[in-house]
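Below, each chain spelled out in residue letters.
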Amino acid sequence: MAEESDQEDRTEAPSPRRLEQARAEGNVPRSRELTTFAITATGLALLMVTGGSIYQFLHKLMIEWFTFNQGKAVDGALILEHFRSSLLGTLQTLAPLLGALFLVALLAPMAIGGWNLSGKGFTPNFGKLNPASGLKRMFSLQAVAEGLKAILKSLLIGGVATWVIWGERGDLVGLVAMPLDRAQIHLVGLMEHTFIMVVGAMLLLVVFDVPYQLWQYQKNLRMTKDELKQEYKEQEGSPEVKGRIRQLQREAARKRMMQEVPKANVIVTNPTHYAVALLYDDKMAAPRLIAKGSLRLAERIIDKGKEHRVTVVRAPSFARALYFNVELNEDIPGKLYTAAAQVLAYVYQLQQYEQAGGVTPVFPEQLQVPPELDPESKRTQHTAPTGTH
């Protein structure tokens, strides 16, 4: 009952990893009926093609085998040599047939499971010697199914063979009245007909057994939902661990970003939602975004900038355009060059004013920010008055 309950829980198809592990352990789909059919059909075909020549050779060999002259009859060494050469000739005659059958027996199982060489199949498994496990397997549903299949197979093949032989009973009885040579030829023909019908019945078994074995193989490897989740965790990593790793990576990147804030020329703010730090010198092709953040991170960027005397300006549309369109450590796009030049010019004027005095610089009231780069442009028609912090 526990085994049936366990099978009921296994509702998920086996994963590629589960199938790969099964192959590594030597567990692949196999059909005994397919192998038996392939060997029998091959043997029958070869006998039908080469049976005549094999019969003639063996007939001649048997005559030579049991023919002795007076010298051989009294010399034990000559008798042994006579039988050795006769046996060797027999093996040479049957070698092609036996070799073909051996090759088919080797290749036929690979038809549905492919080639699989695993050393685990040779590893001793002492658990199979447990009588309790053996009795459990004997009375399992699979054992019952295999038993019923064996009975049906015997009934089918035996029934076909009996039906064919019964239909040929008249010819079999008539062999008694035929000359020996004709009787042998006729008997061979009757045997070929019988074997062809039996092989046809075996083919019918193969047609049903191969899909059944493939289905049974997939069924035995089915997994529970918990097993699939566990396998995913083993392959991809636990979601909790991956989340923690991503969090640590974000914190490390944020820490590196905050270390760059003191190098900025200016920090552009929304003023409370977004903050973007820009860096520019004569060696750069364009101003570069070295830090950005929203809400609490924006506050930290602003505080860090003020701590290191970085100019902070309020330019909502420009800040939003930079935040949403420029990635970290990237140069700003060409469409924002004019606005950046206006801001940097103000910063340079402010620094000059703080050092030498003079006329107080005025921050541009309207920065040239393309509306398509500002996600709030459709809702905000007029930019709020700008100024410095």
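Just above sits the structure.
To start, this report covers the structure provided alongside it.

What counts as what
Position numbers for residues count from 1 along each chain, tracking the sequence in the order it is written. Under the rules for a predicted model, residues below a pLDDT of 70 receive no local features and side-chain atom pairs below 80 are neither given nor counted, while totals for whole chains, interfaces and linings still include all residues. The side-chain values count all of the structure's non-hydrogen atoms but skip hydrogen atoms and water molecules. Numbering of helices and strands starts at the N terminus; helices are DSSP runs of H or I of at least 4 residues and strands are runs of E of at least 2. Pairs of N or O atoms are called polar contacts if they sit within 3.5 Å, as long as, within protein, a hydrogen donor faces a hydrogen acceptor (for residues adjacent in sequence, only side-chain-to-side-chain pairs). Two residues form a contact once any of their heavy atoms are found within 4.5 Å. Two aromatic rings from Phe, Tyr or Trp, using only the six-membered ring of Trp, form a pair when their centres are within 6.5 Å; if the ring planes differ by under 30 degrees the pair is stacked, by over 60 it is edge-to-face, and anything between is tilted. Buried residues are those whose accessible area, probed at 1.4 Å on protein chains only, stays under 20% of the maximum for their type, while exposed residues exceed 50% and partly exposed ones sit between those limits. Placement of a positive charge over a ring is assigned whenever Lys NZ or Arg CZ falls within 6 Å of the ring centre and within 35 degrees of the normal to the ring plane. Should DSSP find at least two bridges between two strands, the strands are taken to pair. Here the expected span of a helix is defined as 1.5 Å times the quantity of residues minus one. Note that the arc is computed from the directions linking the helix axis to the C-beta atoms.

So, about the side chain of S31. Residue placement: S31 occurs in the loop between helix 2 (16-24) and helix 3 (32-65). Side chain to side chain, S31 and D209 meet in a polar contact 2.4 Å long. With residues up to four places along the chain from it excluded, the contact list for S31 reads I112, D209, V210 and Q213.

With that settled, the discussion passes to the packing of aromatic side chains. All chains considered together, the criterion is met by 5 aromatic pairs. Centroid distance Y323 to F324: 5.2 Å. Interplanar angle 80°. Geometry classified as edge-to-face. Take F324: its relative accessible area is 43%, and that puts it in the partly exposed class. Pairwise contacts between aromatic rings join Y274, Y323 and F324 into one cluster. Looking at K292, its charged tip hangs above the ring of Y323, at a distance of 5.1 Å from the centre.

Neither face of strand 1 (residues 266-269) is open: one carries V266 and V268, the other I267 and T269, and all of them are buried. Where strand 1 and strand 2 (residues 274-279) come together, 4 bridges link them in antiparallel fashion. Residue pairing for strand 2: V268 is matched across the bridge by V276. Sheet analysis places strand 1 next to strand 4 (residues 311-314), joined by 4 bridges and oriented parallel. Bridging across to strand 4, I267 finds its partner in V312.

Glancing now at helix 15 (residues 337-356). Counted at 1.5 Å a residue, the expected span for helix 15 with its 20 residues is 28 Å, and the 28 Å between its end C-alpha atoms agrees. Within the span of helix 15, buried status applies to A339, A340, V343, L344, Y346, V347 and L350. Down the axis of helix 15, the sector holding all buried residues measures 155°, keeping them to one side. With respect to the buried face of helix 15, the exposed residues turned more than 90 degrees away are Q355 and A356. Immediately beyond the C-terminal end of helix 15, within one or two residues, lies G357, with a positive phi of roughly 80°.

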